[in-house]
Amino acid sequence: MSAPQSVSLSTIVTTDFAAITRGRAIAADRLEAAAGSGVGWLPANLALTPFDSIASPNPWGSFGDLRLAPDLSARFRTTATGASSPFDLVVGDVVELDGAPWRGCPRGLLRTAADELAERHGLILRMSFEQEFQAVDVDLPPAHALSFGALRRVDPFGPTLFAALAEAGVEPEVVLPEFGRQQFEVTCAPAEPVRAADRAVAIREIVRELGRNCGLRASFAPKVAVDGVGNGVHIHLSLWDKAGRPVTRDAAAANGLSAAAGAFFSGVLRHMPALVAFTAPSPPSYLRLRPQSWSAAYTWLADRDREAALRVCPTWTAGGGDPDRQFNVEYRAADATANPYLAAWALVRAGLAGLDAGLAPPPIAPRHPDGLSAAERTALGVVRLPESLEDALAALDADPIVRGWLAGDVLETYVGVRRAELARVAGLSPAQVCDLYQGLY
Ligand code: GLU
Ligand code: MG
């Protein structure tokens, strides 16, 4: 008997509230035919936790059906991960049975928010997710932080990763050895919000698959060890007009921000204590968001300071660079336990709230908030970010504007997932929490 023929598969995926990318595979040659109808999906999937339980109670129960419709322009395919069949991931939208957007689809929520930004304010956002991860469950040969040798010791992981990401269409920019133990980082070119979040998902999955095939498990968990360096997801944002001109920067303004960017980022700062419930949404997220760890611990905007929650990034004129086109602001209070669509959505919604309210641009803090008096912090509007997931959920509960951005049942599901995580880690030490999550992400 001859060996069975292998069929090329494409997996249509969605990324859920626990930031786990889940989906269903179909024969790749059926993908175009399936573009309109998609594959089956169900509302209760939105209540899945990172432990693969279903948060309970949830508003969906065992009832109901949806479709997961592939977006053929969001197909990430590469043969370079070392697996025996191609990596072929197609991002989908969760829709109702008649094709209408479903209110619980994170990707749909982000698209709607980005569309509103264009319609109401004529602004197009470009974003890029800069992601850090660590090789875990393996002792690599020792190498210095950031060193040439640190990347070479995992060869061919670096060049193969670059090739795989390029083939998949992610537009990788830099693959680097980072500061933490066995830590690496990948950056890619900016794109409009939905595509940027698609890329963030594709990067995570390609890194994990290639890592597995190179004998190293890649973990994107916010902290793999309590005393170690954190793994951040830094989200870079810039605003453009509909003609494709950069409009984030005003070189003449005191803080370098245009009026539009000032209002946008004031909105982000104002709502940030509640936003972290979406951008740093797991128990270990708060082991990372601590002062003096180059993550973010306060709601402050700074010029080129890596302790700031919002960092105005540097521009350069070397090599003929154009500062207006480079200028961007980096949101640092995010990690990979956050769904990238929802993290981006929360930032766009907060920015929109700032624009709609015509908020004044935020001041640049003169120094680290640890060194500011209480009166100075109040004058600058600087507050400590929540110090635990419990506190972040309380901040969300206390911010009716942010709560109003989601339908009631969707918000209930979201909070239910987070509460299931809190219940799971009750009684665990911080080290045990890190251990648990490094295995999940
Ligand atoms: N690892 C740091 C974090 O947790 C970031 C270091 C950097 O600036 O790249 O966000
Ligand atoms: Mg980094």
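Rules used in this analysis
Residues numbered from 1 in each chain as written. Chains lettered and ligands numbered in written order. Predicted model: local features only at pLDDT ≥ 70, side-chain atom pairs only at ≥ 80, totals over all residues. Heavy atoms only, no water. Pairing = 2+ DSSP bridges. Helix = DSSP H or I, 4+ residues; strand = E, 2+ residues; numbered from the N terminus. 1 Å grid on protein atoms, 1.4 Å probe; cavity = no way out; pocket = protein on both sides within 12 Å on 5 of 7 lines; lining within 4 Å. Points joined across faces, edges and corners; volume = space filled by probe spheres on them. Nonpolar A, V, L, I, M, F, W, Y, C, P; charged D, E, K, R; others polar. Core = buried A, V, L, I, M, F, W, Y, C linked by side-chain atoms within 4.5 Å. Buried < 20%, exposed > 50% of the residue type's maximum accessible area, 1.4 Å probe, protein only. Contact = heavy atoms within 4.5 Å. Salt bridge = Lys/Arg side-chain N within 4 Å of Asp/Glu carboxyl O. Donors = N, O, S within 2.8 Å, 3.2 Å for Na, K, Ca; no water. Near = heavy atom within 4 Å. Polar contact = N/O pair within 3.5 Å; in protein donor to acceptor, adjacent residues only side chain to side chain. Areas by Shrake-Rupley, 256 points an atom, 1.4 Å probe, with all protein chains shown as cover. Expected span 1.5 Å × (residues − 1). Axes fitted to C-alpha atoms, helices over the stretch in contact; angles between N-to-C directions. Parallel < 35°, antiparallel > 145°, perpendicular 65-115°, else oblique. Left-handed = near helix turned anticlockwise from the far one by under 90°.

Remarks on the pairing of strand 2 (residues 21–27)
Inspection of the sheet shows strand 1 (residues 9–15) paired to strand 2 by 7 bridges, in the antiparallel sense. Of the residues in strand 2, the one forming a bridge with T15 is T21. Hairpin connection between strand 1 and strand 2: a loop of 5 residues separates the two successive antiparallel strands, and A19 in this loop has a positive phi of roughly 65°.

Some thoughts on the layout of surface pockets
Looking at the largest pocket, its volume works out to about 930 Å³. For the lining of the largest pocket, the residue count by class is 13 nonpolar, 13 polar and 13 charged.

Regarding the nonpolar core
Grouped together as the largest cluster of nonpolar side chains are 116 residues, with contacts concentrated most on I235, V268, V276, Y331 and W345. Sequence-distant contacts of Y331, that is, excluding residues within four places in its chain, are made with V233, H234, I235, L237, V268, M272, L275, V276, T279, A309, L310 and L347. With 11 residues, the next largest nonpolar core counts A18, I20, V425 and V433 among its residues.

Here we look at the pattern of salt bridges
One pass over the full model with this rule turns up 26 salt bridges. Residue D409 is joined to R103 by a salt bridge in which the shortest nitrogen-to-oxygen separation is 2.5 Å. In this pair, D409 sits in helix 12 (residues 408–425) while R103 sits in the loop between strand 5 (87–95) and helix 1 (106–121), placing the two residues 306 residues apart along the sequence. R103 sits in the partly exposed class, given a relative accessible area of 39%. As a salt-bridge pair, R217 and D137 come within 2.9 Å of each other at their nearest N and O atoms. Linking R217 in strand 9 (residues 217–219) with D137 in the loop between strand 6 (123–136) and helix 2 (148–152), this pair joins segments that are 80 residues apart in sequence. Connected through salt bridges with shared partners, the residues D71, D93, R107, R111 and D198 form a single ionic network.

Regarding empty space enclosed by the protein
This structure, assessed with the given rule, holds 2 cavities of 30 Å³ or more. In this model, the largest cavity occupies a volume close to 80 Å³. T14, T15, D16, R22, W41, N45, L46, L48, V94, W102 and P106 together form the lining of the largest cavity. The residue makeup of the lining of the largest cavity, split by class, is 6 nonpolar, 3 polar and 2 charged. Here the second largest cavity defines a volume of roughly 40 Å³. Contributing to the lining of the second largest cavity are V13, T14, T15, V91, G92, P106, R107 and Y341. Taken together, the elements giving at least two residues each to the lining of the second largest cavity come down to strand 1, strand 5 and helix 1. Residue composition of the lining of the second largest cavity, by class: 4 nonpolar, 3 polar and 1 charged.

Overview of the environment of V268
Relative to the assigned elements, V268 resides in helix 5 (residues 259–279). Look at V268 and you get buried, because its relative accessible area is 1%. Placed 94 residues apart in sequence, V268 and P362 show a C-alpha to C-alpha distance of 9.9 Å.

Structural notes on the coordination of the magnesium ion (ligand 2)
Only E132 (OE), E178 (OE) and E185 (OE) from the protein reach the magnesium ion (ligand 2) as donors, at distances of 2.0 to 2.1 Å. Counting along the primary sequence, the residues that act as donors to the magnesium ion (ligand 2) give the motif E-x45-E-x6-E. On the criterion of sequence distance, the pair formed by E132 in strand 6 and E185 in strand 8 (residues 183–188) is long-range, its members being 53 residues apart. Given a relative accessible area of 9%, E132 falls into the buried group. Residue class for E185 comes out buried when judged on its relative accessible area of 4%.

Digging into the site of ligand 1
For ligand 1, the full set of nearby residues is E132, E178, E185, V229, G230, G232, H234, R288, W294, R306 and R332. Contact distances for ligand 1 include 2.8 Å between a nitrogen atom and a side-chain N or O atom of E132. At 2.7 Å from an oxygen atom of ligand 1 is found a side-chain nitrogen or oxygen belonging to R288. In isolation ligand 1 exposes 300 Å². Once the protein is present, 92% of that is buried. Here the residues of the shell around ligand 1 are counted per class, giving 2 nonpolar, 3 polar and 6 charged.

Describing helix 13 (residues 430–440)
By the burial criterion, the buried members of helix 13 are V433, C434, L436, Y437 and Q438. Buried residues in helix 13 make contact with strand 6, strand 9, helix 6 (285–288) and helix 12.

Overview of helix 5
Compared with an ideal rise of 1.5 Å per residue, which puts 21 residues at 30 Å, helix 5 spans 25 Å between its outermost C-alpha atoms and falls more than 12% short. Among the 21 residues in helix 5, 17 count as buried, and that is most of the element.

Considerations on the packing of helix 10 (residues 389–397) against helix 12
The contact between helix 10 and helix 12 brings their axes to 10 Å, and the two run at 160°. Overall, the two elements helix 10 and helix 12 adopt an arrangement that is roughly antiparallel. Crossing angle aside, the handedness with which helix 10 passes helix 12 is left-handed. Note on element contacts: helix 12 touches helix 10 through L411, V415, R418, R419 and L422, opposite L389, E390, L393 and L396. Of the residues assigned to the contact of helix 10 with helix 12, the class counts are 6 nonpolar, no polar and 3 charged.

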